[in-house]
Amino acid sequence: MRAKASRLLPVGIAAMLTTLVVVFYYPVGSVLGSAISVGGRLTLDPLVAVLGDPFYTGSAHSLVTAPASLPERFVAWVNAGMPAVDFGLFGFTAYQALLSTVVSVAVGLPGAYLLARFEFPGREFLRSVTILPFVMPSILVAVGFLAMFGRTGVVNDLLATVGLGPVNVVFTLEIVILAHAFYNAPLVTRLVTAAWESVDTRSVETARTLGAPPLRAFRDVTLPQLVPAILTASVLTFIFTFLSFPIVLALGGLQLATVEVWLFARVQNLELVEAATLGAIETALSLGLIYIYLRFEATQISTHGQGQLRSRLPLFDGWQSVSDPRRLGVFLYCLVAAVLFVGPLVSLVVESLTTPNGAFTLDYYAFLLAQQASAAVGTINPLAAIINSLLFGLGALVLALPMGVLVSVVATHEGSGSRFAEALLTAPLAVSGIVLGLGMLRTLVFGTTVFGHRLTVTGPIAIVAAHAIAAYPFVTRNVTPALSGIDDRLVDAARALGADRPTVLVDIELPLIAPALIAGAAFAFAISIGEFDSTVLLAEGVDSATMPVALERYTANRSLGPNLGPATAMGTVLLAVTTGSFILIDRTGRRWER
Amino acid sequence: MTTTDPHSESTNSTAVEITDIGVDFGHVTALESISLSIADGAFFTLVGPSGCGKTTLLRSIAGLETPSHGKVSIGGRDVTTEPPEARNVGIVFQNYSLFPHLSVADNVGYGLQFHDLSGQRDPEARVAELLELVDLPGFGDRTPTELSGGQKQRVALARALAPEPDVLLLDEPLSALDARLRAKLRVQIKTIQRDLGITTVYVTHDQAEALAISDRIAVIQQGQIQQVDTPETVYRQPASRAVAEFMGNNNVFEGSVADDGQHLETEGKLLPLPETHDRAPGTSLTVSIRPESLVVADSQQGDPAVLSATVETVEFLGDAYRVHCRWRDKSVLVTTAATTPPEGTVKLHFDPEDVHLL
């Protein structure tokens, strides 16, 4: 499949690039274009309007509106004793992303210590669970946090039984950041654990024999080899939380709006030029961050195939071991982690099965099936949403699988293929779902005139395309390692034994990458099922709504009552589908890293 | 450190003394009960098959393994409970284990910050001196990834030697290298060791390497010491059948001492024994004859010191042939420097004095 690639490869690449141009580059380009043009004329007016607006950039707006006054403003600021400066919406978005990153790293690092240095039953399972956030819809996490910390949530129910509360933490920055940590700390844990495990135990031992005490050896030898992974994970977390949308929307609301949430609100108000300008600035920022990320990733020191794994300490080694401060710390961490990670998901399921009075009920699940009867205006039909989700998921899968495999084939090609593939893989990461959705809305759904023909695409097709764009990098990340792991000599050996090229493909290569294909497919399906950002823009009215969109509407819709019942029931269904995908990925795609 | 002839033990002080140490890994016993003394300035090799416990023993000297019982002394000081950083040893591992994030110079100089070397030498000068010693002058600014396997291993050696350790510990340092480089680096290590006079403990599974490089060899099998002696003695007079077989392709014959006391009764034939020995007639006996002690030649009938064997396979080694023969039900190995390979039925002569009693 490498050097002797079939003649079909160029055709496949051409088809894929055409698809990408139509459903990705053109729509996104039109959004970026409207930030620097008005009525077909190039201008910086939209950019100046946004960047010069104190609402968006706070004190930094004068950089654009009155750059000449900057020095004297700076002097005035210093003379005033350097008070806190407000940097507007962009400043706040970066601020909450920074806080989220710090908390995610703080929560994720002890997890890496636990997984890399201790042996205990279930360690392997715990390690594979750290990929769960990748497939878990963030709106689901938001609903889980509402089920736990909301006004009628599990925490307040528990507090009420001892006569305390209620505590109201919804719509605070704290809960947004905690939810971000739920989502991103496992990523930190995963990346740092991998780095920690690749630290050659012999190099630590060498440092010890050269005279370094244990902590010094950690600082001098282990830590420097972890730093690139920690930085990589931090930058990724910053990117994810900078672009975070459903969690902020559901847990923070407009009063804690980030750029992404505000962008969504602009689209809903049909202020499309302002939205596009915001999207362009946001995309530029995230491209810059991704550039930093790729630089960090490249500095990861590879001790591939050389390192000797350090033997792990048993976590529980007789009752005496419990008094060991390291183990005490780990136990304490496990307690915190259980509350943070397990709490919201358990709360979700518990709330879906209990009435506000605490009695057992299946009413919310009945509601999911019987919504047709109570056709409240603007309410999403839950059964239709479930069916939509599954159909779109299948559609996205059918589209994403060949795209992803194609990129893998290109990536494993010698020469410039891997750089080209990297660009193909990174672009969807740099563009937020909202920007893509907005672009598709403006170009494909509202229609484009080509050679005098008005071409339009319906919402569902646009949704499937957007999902496929979001999903194919995950197919590639699964398939590439499997494909590059195939020894060329296997192919040579099979051909020497008399098999022709297509037979080798079917007999040797496909069976070897089949597990990765299945894992990639499960990923693609899960990504599609959970996609919210572009779907919420592209779902026309209520007809094309998916489970995550329905979930958000039920959460926001106060007319459904004070409890989260319908949302948690829908959330539990979504959780079941997600978990199913995860199990499939875990069983088949064990080689999947990063 | 004084340089003395490591062979004459009586004049030497002991550098490393291991007394009755045992190491358990959970329920597995890696080392049973080992005692060893290693002379100052000696090149001492622990050899044995993989999994025999030789690396565990080395790691116990370094303090990287905690013995369940027993004592380790270095330079007369009991270090059994000391952590590795307090033992003043230098270690080199098979896979180099260079610090990947540090330059070559920083790798070599790493240990200097923890040691107060006599003579107040400038650390940079010391690093340069060691890179010179391992034949890598000017390599200080490179990163480990830019080095070849042999260069990495020489940097690892320089790093271990920089703080002037009391003992140099080498754990299969050449096993990751190709044969040609292995032979070259072996000589280099031996030369550096002799020039510095540093006590060295070397672990290898390769008996040929052990014979080539060592002053003394300890053969370890299944967590126990089988024999400790000079390479020559271990090779020529193995202490047991296990040692005889491990130290290279020995021909081992089992039987009993014949009634005349002068022969071994084996495979239904009488083989002559050395003139003087202490075994009583009738006792069971195992002997070994080295392949190079057997000579392929024509012979008179009736000479007892002759095996009439059939050639099965011949390997050409360049300077000799290794001939696999069959004598009765046994396979017998012969090395011969003949210019043409023997074939068919051959007579294998030996001097009864070359028969080694086990």
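Computed from a predicted structure; not experimentally measured.

1. Topic: the overall build of chain A
In step 1: Within chain A, the secondary structure is distributed over 27 helices and six strands.
In step 2: Across the 594 residues in chain A, those meeting the buried criterion constitute 52%.
In step 3: A fraction of 77% describes how many contacts in chain A between residues 6 or more apart in sequence connect residues 24 or more apart.
In step 4: Per element, the accessible surface of chain A, about 26300 Å² overall, is 69% carbon and sulfur.

2. Observations regarding the interface of chain B and chain A
In step 1: Each side of the interface is counted separately: chain B has 24 residues, and chain A has 22 residues.
In step 2: When chain B packs against chain A, the two sides together hide about 2100 Å² of surface, and 60% of this comes from carbon and sulfur.
In step 3: Of all residues in chain B, Glu85(B), His101(B) and Tyr110(B) give up the largest surface area on contact with chain A, accounting jointly for 27% of the area buried on that side.
In step 4: Joining chain B to chain A, the criterion identifies two salt bridges.
In step 5: Here Arg59(B) and Glu205(A) are joined by a salt bridge, their closest N and O atoms 2.6 Å apart.
In step 6: Applying the counting criterion to the chain B and chain A interface returns seven residue pairs in polar contact (both at pLDDT 80 or more).
In step 7: Mapped by element, the contributors of at least two residues to the side of chain B that touches chain A are helix 1 (54–62), strand 6 (89–92) and helix 4 (149–161) of chain B.
In step 8: Residues belonging to the side of chain B that touches chain A are distributed by class as follows: 14 nonpolar, six polar and four charged.

3. Considering the nonpolar core
In step 1: With 130 residues, the main nonpolar core has Phe145(A), Leu251(A), Met440(A), Tyr472(A) and Met570(A) as its most contacted residues.
In step 2: Per-element tally for this core: the top contributor is helix 22 (residues 459–484) of chain A, with 14 residues.
In step 3: In this structure Leu251(A) touches Ala142(A), Phe145(A), Leu146(A), Val170(A), Phe171(A), Thr172(A), Ile175(A), Val176(A) and Ala179(A), once residues within four positions along its chain are discounted.
In step 4: If you look at the next biggest cluster of nonpolar residues, it comprises 34 residues, including Val199(A), Val221(A), Leu226(A) and Tyr110(B).

4. Here we look at the environment of Ala284(A)
All names here are of chain A.
In step 1: Position of Ala284 relative to the elements: it lies in helix 16 (residues 272–299).
In step 2: For Ala284, a relative accessible area of 48% corresponds to the partly exposed category.
In step 3: The sequence separation of Ala284 and Gly571 amounts to 287 residues, and the corresponding C-alpha distance is 34 Å.

5. Structural notes on the sheet that holds strand 13 (residues 269–272) of chain B
Residue and element names in this part refer to chain B.
In step 1: Pairing is antiparallel across the open sheet formed by five strands, whose spatial order is 13-12-11-14-20. Each end of this open sheet is capped by a strand with a single partner; those strands are strand 13 and strand 20 (356–357).
In step 2: Looking at chain direction, strand 12 (residues 263–266) and strand 13 are connected through four bridges and run antiparallel. Within strand 13, the position partnered with Leu264 by the bridge is Leu271.

6. Structural notes on the packing of aromatic side chains
In step 1: Throughout the structure, instances matching the rule amount to 16 aromatic pairs over all chains.
In step 2: Seen in terms of ring centroids, Tyr113(A) and Phe118(A) are 5.4 Å apart; in terms of plane orientation they differ by 90 degrees. Their pairing is edge-to-face.
In step 3: Residue classification places Tyr113(A) among the partly exposed positions, given a relative accessible area of 23%.
In step 4: Take Phe118(A): its relative accessible area is 0%, and that puts it in the buried class.
In step 5: Put simply, the rings of Tyr113(A), Phe118(A), Trp196(A) and Phe218(A) touch in pairs and so form one group of aromatic residues.
In step 6: A cation over a ring is seen here: Arg159(B) above Phe99(B), with NZ or CZ 4.5 Å from the ring centre.

7. Section: a nonpolar patch on the surface
Residue and element names in this part refer to chain A.
In step 1: On the surface, a nonpolar cluster with roughly 600 Å² of combined accessible area is contributed by Ile36, Leu42, Leu44, Val48, Leu63, Val64 and Leu70.
In step 2: In this fold, Leu44 is placed in the loop between strand 2 (41–42) and helix 2 (45–51).
In step 3: Given the relative accessible area of 53%, Leu44 is considered exposed.

8. As for the domain arrangement of chain B
Residue and element names in this part refer to chain B.
In step 1: The domains assigned to chain B are domain 1 (9–244) and domain 2 (250–357).
In step 2: Using only C-alpha atoms to locate each centre, domain 1 and domain 2 end up separated by 39 Å.
In step 3: Contacts between domain 1 and domain 2 engage six residues on the former and eight residues on the latter.
In step 4: In total, domain 1 and domain 2 occlude about 620 Å² of area from one another, counting both sides; carbon and sulfur atoms represent 48% of this.
In step 5: If you sort the residues of domain 1 by the area they bury against domain 2, Tyr235, Arg241 and Ala244 come out on top, with a joint share of 75%.
In step 6: The tally of links between domain 1 and domain 2 comes to one salt bridge.
In step 7: The partner of Arg241 in a salt bridge is Glu254, and the shortest N-O contact between them spans 2.8 Å.
In step 8: The interface formed by domain 1 and domain 2 holds five residue pairs in polar contact (both at pLDDT 80 or more) in total.
In step 9: Within the residue set of the side of domain 1 that touches domain 2, elements represented by two or more residues are helix 7 (231–236) and helix 8 (241–246).

9. What about helix 11 (residues 173–197) of chain A?
Residues and elements named next belong to chain A.
In step 1: Helix length check: helix 11 (25 residues) gives 35 Å between terminal C-alpha atoms against 36 Å at 1.5 Å per residue, within 8%.
In step 2: If you look at helix 11, its biggest bend is around 35 degrees, right at Tyr183, and the proline Pro186 turns up within four residues after that.
In step 3: For helix 11, a buried count of 21 out of 25 residues is recorded, marking the element as mostly surrounded by other parts of the structure.

10. Quick look at the sheet that holds strand 15 (residues 295–296) of chain B
Residue and element names in this part refer to chain B.
In step 1: Strands sit in the order 15-19-16-17-18 across an open sheet of five strands; the sheet is antiparallel. The two strands at the open ends of the sheet, each matched to only one other strand, are strand 15 and strand 18 (330–336).
In step 2: Of the pairings in the sheet, the one linking strand 17 (residues 321–327) to strand 18 comprises seven bridges and is antiparallel in character. Looking at strand 18, one finds that Val323 is bridged to Val334.

11. Describing the packing of helix 6 (residues 88–117) of chain A against helix 17 (residues 325–352) of chain A
Residues and elements named next belong to chain A.
In step 1: Interhelical geometry of helix 6 versus helix 17 gives an angle of 125 degrees and a closest axis separation of 10 Å. Classified by the angle between their axes, helix 6 and helix 17 sit oblique to one another. You can see that helix 6 and helix 17 cross each other, and the crossing is left-handed. Residues Val107, Pro110, Gly111, Tyr113 and Leu114 of helix 6 touch helix 17, and the partners they reach there are Arg326, Val330, Tyr333, Cys334, Leu340 and Phe341.

12. Describing the packing of helix 11 of chain A against helix 17 of chain A
Any two packed helices are characterised by how steeply their axes cross, that is the angle between the axes, and by the distance between the axes.
Residues and elements named next belong to chain A.
In step 1: Two numbers describe how helix 11 lies on helix 17: the axes approach to 10 Å, and their chain directions differ by 110 degrees. When the interaxial angle is binned, helix 11 and helix 17 end up roughly perpendicular. Of the two possible hands of crossing, helix 11 and helix 17 adopt the one that is left-handed. Note on element contacts: helix 17 touches helix 11 through Leu340, Phe341, Pro344 and Leu345, opposite Leu178, Ala181, Phe182, Ala185 and Pro186.
In step 2: Tallied by class, residues from the contact of helix 11 with helix 17 come to nine nonpolar, no polar and no charged.

13. Side note on unusual backbone geometry
Residue and element names in this part refer to chain B.
In step 1: In the Ramachandran plot, Asn88 falls in the positive-phi region, its phi being about 55 degrees despite a non-glycine side chain.
In step 2: Structurally, Asn88 can be placed in the loop between strand 5 (77–78) and strand 6.
In step 3: For Asn88, a relative accessible area of 19% corresponds to the buried category.
In step 4: The phi dihedral of Asp135 falls on the positive side, at around 70 degrees, and the residue is not glycine.
In step 5: Considering the arrangement of structural elements, one finds Asp135 in the loop between helix 3 (123–133) and helix 4.

14. So, the environment of Glu254(B)
Residue and element names in this part refer to chain B.
In step 1: As for its placement among the helices and strands, Glu254 is situated in strand 11 (residues 251–257).
In step 2: Sequence-wise, Glu254 and Phe316 are 62 residues apart; in three dimensions their C-alpha atoms are separated by 29 Å.
In step 3: Side-chain polar atoms of Glu254 contact the side chain of Arg241, separated by 2.8 Å.

15. Examining the pairing of strand 4 (residues 69–74) of chain B
All names here are of chain B.
In step 1: Bridge analysis of strand 1 (residues 14–25) against strand 4 gives five bridges, and the strand direction is antiparallel. Each residue of the ladder has a partner; that of Ile18, found in strand 4, is Val72.
In step 2: As judged from the two bridges shared by strand 4 and strand 5, these two strands associate in the antiparallel manner. Along strand 5, the bridge assignment pairs Ser73 with Asp78.
In step 3: What sits between strand 4 and strand 5 in their antiparallel hairpin is a turn of two residues, with Gly75 showing a positive phi close to 60 degrees.

The rules behind each value
- Residues numbered from 1 in each chain as written.
- Chains lettered and ligands numbered in written order.
- Predicted model: local features only at pLDDT ≥ 70, side-chain atom pairs only at ≥ 80, totals over all residues.
- Heavy atoms only, no water.
- Helix = DSSP H or I, 4+ residues; strand = E, 2+ residues; numbered from the N terminus.
- Buried < 20%, exposed > 50% of the residue type's maximum accessible area, 1.4 Å probe, protein only.
- Contact = heavy atoms within 4.5 Å.
- Areas by Shrake-Rupley, 256 points an atom, 1.4 Å probe, with all protein chains shown as cover.
- Buried area = accessible area lost by both parts, 1.4 Å probe.
- Salt bridge = Lys/Arg side-chain N within 4 Å of Asp/Glu carboxyl O.
- Polar contact = N/O pair within 3.5 Å; in protein donor to acceptor, adjacent residues only side chain to side chain.
- Nonpolar A, V, L, I, M, F, W, Y, C, P; charged D, E, K, R; others polar.
- Core = buried A, V, L, I, M, F, W, Y, C linked by side-chain atoms within 4.5 Å.
- Pairing = 2+ DSSP bridges.
- Phe/Tyr/Trp six-rings, centres within 6.5 Å; stacked < 30°, edge-to-face > 60°.
- Lys NZ or Arg CZ within 6 Å of the ring centre and 35° of its normal.
- Patch = residues over 30% accessible without salt bridge, like charges linked within 9 Å, V, L, I, M, F, W, Y side chains within 5 Å.
- Domains from an automatic or database assignment.
- Expected span 1.5 Å × (residues − 1).
- Bend = angle between axes of the 7 residues up to and from the residue.
- Axes fitted to C-alpha atoms, helices over the stretch in contact; angles between N-to-C directions.
- Parallel < 35°, antiparallel > 145°, perpendicular 65-115°, else oblique.
- Left-handed = near helix turned anticlockwise from the far one by under 90°.

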